[in-house]
Structures are given as C-alpha cells and as structure tokens.
Amino acid sequence: TVYHYGGLMMELCEDIDASDAMYEAGFEAFPDEGRFAFMISANASNYRKDTDRALLWMKKAAAAPNSAPWYSASVAGLIKKDDGLDSSISYLEEQLKMMEPSPFRDYTEKRYRSLLHESYEIKIEELRQKFIVATGRKPSVVEELHIPVSDPYEVQGGEWIIAEDGRVRSSVVESKKRRKAQ
C-alpha cells in the first residue's frame, strides 16, 4: 500500500517523523493490519532509541487481528530490554492463556520456555556460587544444589545438568549448544 511504501521511502530518506506519519495514517486506515504499528515500533527502537514508544506500538501491533504471530514475542523482547526478564515472562504467560492451539502458540511457548530457562539459569548460578562459597568446592552433581524449580524443558525430556563449563542448565539447551558448536 501507499502507506507501507511511503513509510519505507521516508525511512530511506532518513525522515523518521514522515515515516512514522505514513505508518500512523496506514494504521488508522487499516487498524486490522499490525504491520503499520510494527514499523512505528521498529522506527522507535532503531532510530529514536525510545523503548517506551517502541513497546507501546509493538503492543498495538500484537493486538491487531491480522498481526504476525511473532509480534507477541517481540513485545516480550522489548519488555525484557526495558523492564526485565520477569516482566517478559509474565507477558508471555498471559498471552499463552489466551491463545488457542496453533503453530503461533507453539512459537510463543518456545519463546516462553527460553526466557524461563534464562531466568532460572541466572538464579541457579547464584545457588551454585553460594554452594561454592559454603563448601569450598564446585558441586559434583545437580542434586547438591537442591534446585527448587523443574526444568522448563521437562516436557521434552529435559533435566537440569552440570554442563562442561560447570554451569547448570537444561539438558535440552546444552544439547542445542553442543550441536551449534559442531
């Protein structure tokens, strides 16, 4: 549409205000099309370095009826960048409650598990460091840490393991890291 290409051309001319104006007009004319709100969010993030504006428009993009399924995960990424990992996880939990089974839900759940694992990995590392300070040695088995949460990848057969680098992570995540390294 004229709004989409007009916004892109203004962006190429480095006139971000005009680009946003085109996208805003497009979103007003076609409120079911999340891509216009997405482009405003991208401008806010990439050019203006304005996370609040980027988040506001990304939420509008994700809420649009014809939005791409990954917009919800993008909202979570912006929240993580601005407000922290726990807020991103909470946002995706709420999204998952409202989503019907679909490939889009599967994608969102995959992102949710990844963020949840990242959050747990940070907390488990704190447990591991406390163990080292208290005992003067590294844990030799995961059970020594008494991890209070289950592996978010447990449904895929994952379990907490001590990786080669000494850190604790899901066996599913560690297996992916090894495959990427090869």
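This text goes with the structure placed above it.
Attention in this report is confined to the structure presented alongside it. (Residues numbered from 1 in each chain as written. Predicted model: local features only at pLDDT ≥ 70, side-chain atom pairs only at ≥ 80, totals over all residues. Heavy atoms only, no water.)

### Some remarks on helix α2 (residues 16-29)
Next up, step 1: Here α2 contains 14 residues, and its C-alpha end-to-end distance of 20 Å stays within 8% of the 20 Å for a straight helix at 1.5 Å per residue.
Next up, step 2: For α2, the elements touching its buried residues are α1 (2-12), α3 (34-46) and α4 (51-63). (Helix = DSSP H or I, 4+ residues; strand = E, 2+ residues; numbered from the N terminus. Expected span 1.5 Å × (residues − 1). Contact = heavy atoms within 4.5 Å.)

### Focus: the packing of α3 against α4
Next up, step 1: α4 packs onto α3 with a crossing angle of 165° between their chain directions and a minimal axis gap of 8 Å. Judged by the angle between their axes, α3 and α4 are roughly antiparallel. The handedness of the crossing between α3 and α4 comes out as left-handed. Within the contact between the two elements, α3 uses G34, A37, F38, I40, S41, A44 and S45 and α4 uses R53, A54, W57, M58, K60 and A61. (Axes fitted to C-alpha atoms, helices over the stretch in contact; angles between N-to-C directions. Parallel < 35°, antiparallel > 145°, perpendicular 65-115°, else oblique. Left-handed = near helix turned anticlockwise from the far one by under 90°.)

### Some thoughts on unusual backbone geometry
Next up, step 1: With a phi angle near 60°, E14 is a residue other than glycine that sits in the positive phi range.
Next up, step 2: When you line up the elements, E14 lands in the loop between α1 and α2.
Next up, step 3: Phi at H146 is positive, roughly 50°, even though this residue is not glycine.
Next up, step 4: One can find H146 in the loop between α7 (103-135) and β1 (160-162).
Next up, step 5: With relative accessibility at 66%, the residue H146 sits in the exposed group. (Buried < 20%, exposed > 50% of the residue type's maximum accessible area, 1.4 Å probe, protein only.)

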